[in-house]
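Single-letter residue listing:
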Amino acid sequence: MRRVVIDTDAGVDDSIAIAYASRLPDATIELMTTVSGNVPVSEVTQNVLYLKKILRLDVPVFSGADVPKSRKLITATEVHGKDGVGGYRISEGIAFPAWKTGGAATAIVRAAKKYGKRLTIISLGPMTNIARAVSIDQGAIKGIGSIVQMGGVFSGYGNTTAFTEFNIFVDPEAASYVLENGVKVTFVPLDLTETFFLPRNIVTSLLMKTGETSPELVPLFRKALNYYIDYHRHADKLDGCYMHDPIAVAAAIHPEWFRFIGSSVSIETLGRFTAGMTVADLRKKTVRGNSRIAVAFDALTFLDDLASRVFGARIGNSAGRRSCLRQRFTANFRDFLR
Ligand code: BDR
Ligand code: CA
């Protein structure tokens, strides 16, 4: 059984990732911490408290950094909505007035000390809280089982600037600080997460089924996913959406579905056009380094697991299942897939 801390900037795909993690029999969520990213941390925290309520989770929630380590916050409200869940919480007037601010980084350190090697931190947003935890007790964070970070892009296009993925772009100094302090990170990058895609018709049929098993999730996920898909249709001309953060959860809890390479990763913090770029020399297929990078995964096994655990559904038809696989034309990581 893996003990898990989820650090999140929830977020539409984060919300699905949290629901997914909460239903994995091989993982127990011990702590959830929030960070500014997709939306400001106050909105993120409200979303996590709402998820905690509807998923009936008995888990402490601590809010964390409201701004990146040394930059102004850049959000992604156009992707996730002003409240981070496609306007659902705002339209329903859902708010939790009494929540304590702060404490995320120290709570992460406490969990690291308590569980040591049994602990996995799944980081679904910018690494600001993780960097703070490292600055509080580097030894404790180094001593945990692993940090799995959804983030970075190593051989393809970015989703925020030409070369950067959102989570690392928002706080490159934090990501750099963690790596420079000798903390090993497993990256689940955009190159990988963008090879999987949920088309709108699949999302619609999944949500129809969810009504039978988890009716309380349906209105939230319907509104949030519709917003998220509308964004992708407008921005990427794709009628569907990516599942970046749920894939990171799968990589943490089911590493046997994934293929990883060892590499040394550095974060660009200075470049005028490249700050936030994750740099790994993939010409050398190193087996050592400060990081592991997920380069391939069994997407259909992941799809079946996600569909049944979160949506209570199966995608029976193989054409439907295949429509979720996407070969990006940049042919990312092709050398590693041979
Ligand atoms: C990442 O950025 C966020 O918008 C998503 O929640 C995901 O964590 C993808 O680049
Ligand atoms: Ca996220």
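Residues numbered from 1 in each chain as written. Chains lettered and ligands numbered in written order. Predicted model: local features only at pLDDT ≥ 70, side-chain atom pairs only at ≥ 80, totals over all residues. Heavy atoms only, no water.

Chemist: How should the site of ligand 1 be read in this particular structure?
Modeler: Every residue lining ligand 1 is accounted for by Asp-13, Asp-14, Asn-38, His-80, Leu-124, Met-150, Asn-159, Glu-165, Phe-166, Asn-167, His-244 and Asp-245. His-80 is positioned with one of its side-chain polar atoms (N or O) 3.0 Å from an oxygen atom of ligand 1. Note that an oxygen atom of ligand 1 is positioned 2.8 Å from one of the side-chain N or O atoms of Asn-159. The cavity that encloses ligand 1 is the largest pocket. Within the residue set of the shell around ligand 1, elements represented by two or more residues are helix H1 (12-22), helix H8 (166-170) and helix H13 (244-253). Broken down by class, the residue content of the shell around ligand 1 amounts to three nonpolar, five polar and four charged. (Near = heavy atom within 4 Å. Polar contact = N/O pair within 3.5 Å; in protein donor to acceptor, adjacent residues only side chain to side chain. 1 Å grid on protein atoms, 1.4 Å probe; cavity = no way out; pocket = protein on both sides within 12 Å on 5 of 7 lines; lining within 4 Å. Sits in = over half its atoms within 2 Å of the grid points. Helix = DSSP H or I, 4+ residues; strand = E, 2+ residues; numbered from the N terminus. Nonpolar A, V, L, I, M, F, W, Y, C, P; charged D, E, K, R; others polar.)

Chemist: Which parts of the structure should I look at to understand the coordination of the calcium ion (ligand 2)?
Modeler: Six octahedral donors around a metal ideally subtend angles of 90 or 180 degrees, whereas four tetrahedral donors ideally subtend 109.5 degrees. Protein-derived coordination of the calcium ion (ligand 2) comes from Asp-9 (OD), Asp-14 (OD), Asp-14 (OD), Leu-124 (O) and Asp-245 (OD), at a distance range of 2.3 to 2.6 Å. Here the donor residues for the calcium ion (ligand 2) map to a single chain with the spacing D-x4-D-x109-L-x120-D. Of this pair, Asp-9 sits in the loop between strand E1 (2-8) and H1 while Leu-124 sits in the loop between strand E4 (119-123) and helix H6 (128-136); the two residues are 115 residues apart in sequence, bridging distant segments of the chain. Judged by its relative accessible area of 0%, Leu-124 falls in the buried class. (Donors = N, O, S within 2.8 Å, 3.2 Å for Na, K, Ca; no water. Buried < 20%, exposed > 50% of the residue type's maximum accessible area, 1.4 Å probe, protein only.)

Chemist: It is not clear to me how the side chain of Ser-214 should be interpreted in this structure. Could you clarify?
Modeler: With respect to the helices and strands, the residue Ser-214 is situated in the loop between helix H11 (200-213) and helix H12 (218-236). Among the polar contacts made by the side chain of Ser-214, one reaches the side chain of Arg-23 at a distance of 3.1 Å. Discounting chain neighbours no more than four positions away, the residues touching Ser-214 are Arg-23 and Val-310. (Contact = heavy atoms within 4.5 Å.)

Chemist: I tried to follow the pairing of strand E12 (residues 291-297) on my own but got confused; where do I start?
Modeler: For E12, a buried count of six out of seven residues is recorded, marking the element as mostly surrounded by other parts of the structure. Two strands pair when backbone bridges link them, and strand E9 (residues 258-263) and E12 are joined in this way by six bridges, in the antiparallel orientation. Bridging from a neighbouring strand, Phe-258 pairs with Phe-297 of E12. (Pairing = 2+ DSSP bridges.)

Chemist: Would you mind showing me how to read the domain arrangement of the chain here?
Modeler: Interface extent is often summarised as the accessible area lost during association of the parts. On domain assignment, one finds that the chain holds domain 1 (2-191 + 243-295) and domain 2 (197-242 + 299-328). The C-alpha centroid of domain 2 is placed 22 Å from the C-alpha centroid of domain 1. Taken residue by residue, the interface counts 32 residues in domain 1 and 22 residues in domain 2. Per-residue buried area on domain 1 facing domain 2 is highest for Arg-23, Tyr-88 and Met-243; these three make up 24% of the total on that side. At the junction of domain 1 with domain 2, the criterion picks out one salt bridge. In this structure, the salt-bridge partner of Glu-216 is Arg-56, at a minimum N-O distance of 3.8 Å. Inspection of the region where domain 1 meets domain 2 yields five residue pairs in polar contact (both at pLDDT 80 or more). Of all elements in the fold, only H1, helix H2 (41-54), helix H3 (77-80), helix H4 (88-92) and H13 reach the threshold of two or more residues within the side of domain 1 that touches domain 2. Of all the elements, H1 adds the most residues to the side of domain 1 that touches domain 2, at six residues. (Domains from an automatic or database assignment. Buried area = accessible area lost by both parts, 1.4 Å probe. Salt bridge = Lys/Arg side-chain N within 4 Å of Asp/Glu carboxyl O.)

Chemist: For this particular structure, what's the right way to read the state of the cysteines?
Modeler: Counted under the stated rule, the structure contains zero disulfides. Cys-324 supplies the cysteine sulfur nearest to Cys-241, a cysteine that is in no disulfide, at a spacing of 9.6 Å. On the basis of relative accessible area, Cys-241 is assigned to the buried category, the value being 0%. The buried category is assigned to Cys-324, whose relative accessible area is 0%. (Disulfide = S-S within 2.5 Å.)

Chemist: Just to check I follow, could you spell out the packing of aromatic side chains for this structure?
Modeler: The geometry of two aromatic rings is summed up by the distance between their centres and the angle between their planes. Applying the stated criterion across every chain, the model contains ten aromatic pairs. Residues Phe-258 and Phe-260 carry aromatic rings whose centres are separated by 6.1 Å and whose planes lie at 25 degrees to one another, so their mutual orientation is stacked. Overall, the relative accessible area of 19% leaves Phe-260 in the buried class. Taken together through their ring pairs, the aromatic side chains of Tyr-20, Phe-196, Phe-258, Phe-260, Phe-297 and Phe-302 make up a single cluster. The aromatic ring of Phe-260 is capped on one face by Arg-292, whose charged end is 4.1 Å from the ring centroid. Between Arg-326 and the ring centre of Phe-197, over which it is positioned, the NZ or CZ distance is 5.9 Å. (Phe/Tyr/Trp six-rings, centres within 6.5 Å; stacked < 30°, edge-to-face > 60°. Lys NZ or Arg CZ within 6 Å of the ring centre and 35° of its normal.)

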